[in-house]
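# What the coordinates show
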Amino acid sequence: MDWVPKTRPGKMVLNGEITTMSQALATKLPLREAEIVDILLPDLKDEVIDVNIVQRMTDSGRRVKFRITCVVGNGDGFIGIGRAKGKEVGPSIRKAIDNAKLNIIEIKRGCGSWECGCGTPHSLPFTVVGKSGSVEVYLKPAPRGISLAVGDVAKSILTLAGVKDSWGFAKGHTKTTVNYAYATYYALRNTIEMRVSEEQEKRQHIVSGPVQLHVAEDAAPGQEE
């Protein structure tokens, strides 16, 4: 490939020092290049959550811009959200997807429901809360087979994150789609920020990041197998 990295994480990915997304996030170095995510997570899926039209009247006439909110995820422990605005829909969506890739996080999953005990990371390990604006989202572990008993916006984000079963409810002005999406994203981010003991990890079968590990191939240019 003809990508020339400009940041330290990008150079480490190109040289083969970083081969998984978990390793890239563990370095605590900020992601500034979307190509890093493209290499480490080639099966990433994206979805447009919200399209908002912003109009402004100027001396030369009415100017219209589009504000796009997108979510990306691989369906196996990684999720990201991003926003962008522009004069055209297509370029704005691509920019929002790139911004979502730069905001990608690794989440924890598990079997946290006392009603289940199946031993697979199909749900959340514990209750998490996320807040954005007036919207506050609560996500709780659910037994296997319940599916996602949450709103449509939260359902899209949880699906892309790889959570299959969950209870959830939201407070506030949930019709504000952007705040609802970000509140869900922040709730999932709290799964990785909360510390758990080794005993809890074994008992609730907590998994951080992907269940099926993907290792990036050598990204250095001019090398073929």
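Definitions and limits used
Residues numbered from 1 in each chain as written. Predicted model: local features only at pLDDT ≥ 70, side-chain atom pairs only at ≥ 80, totals over all residues. Heavy atoms only, no water. Disulfide = S-S within 2.5 Å. Buried < 20%, exposed > 50% of the residue type's maximum accessible area, 1.4 Å probe, protein only. Salt bridge = Lys/Arg side-chain N within 4 Å of Asp/Glu carboxyl O. Helix = DSSP H or I, 4+ residues; strand = E, 2+ residues; numbered from the N terminus.

## A few points about the state of the cysteines
- Going through the model one piece at a time under the given rule, you end up with 0 disulfides.
- We note that Cys111 lacks a disulfide partner, and the nearest cysteine sulfur, in Cys116, lies 3.7 Å from it.
- With relative accessibility at 6%, the residue Cys111 sits in the buried group.
- Of all cysteine sulfurs, the one in Cys118 lies closest to Cys116, which takes part in no disulfide; the gap is 3.5 Å.

## Here we look at the pattern of salt bridges
- Under the defined criterion, the tally for this structure stands at 4 salt bridges.
- Across the pair Arg189 and Glu193 runs a salt bridge, and its minimum N-O distance is 3.6 Å. In this pair, Arg189 and Glu193 are both assigned in helix α6 (residues 177-193), 4 residues apart and thus about one turn of the helix distant.
- Its relative accessible area of 31% is what places Arg189 among the partly exposed residues.
- For Glu199, the salt bridge is made with Arg203, and the minimal N-O distance between the two is 3.6 Å. With a gap of 4 residues between them, Glu199 and Arg203 both fall in helix α7 (residues 198-204), about one helical turn apart.
- Relative accessible area serves as the criterion here: at 48%, Arg203 is assigned to the partly exposed category.

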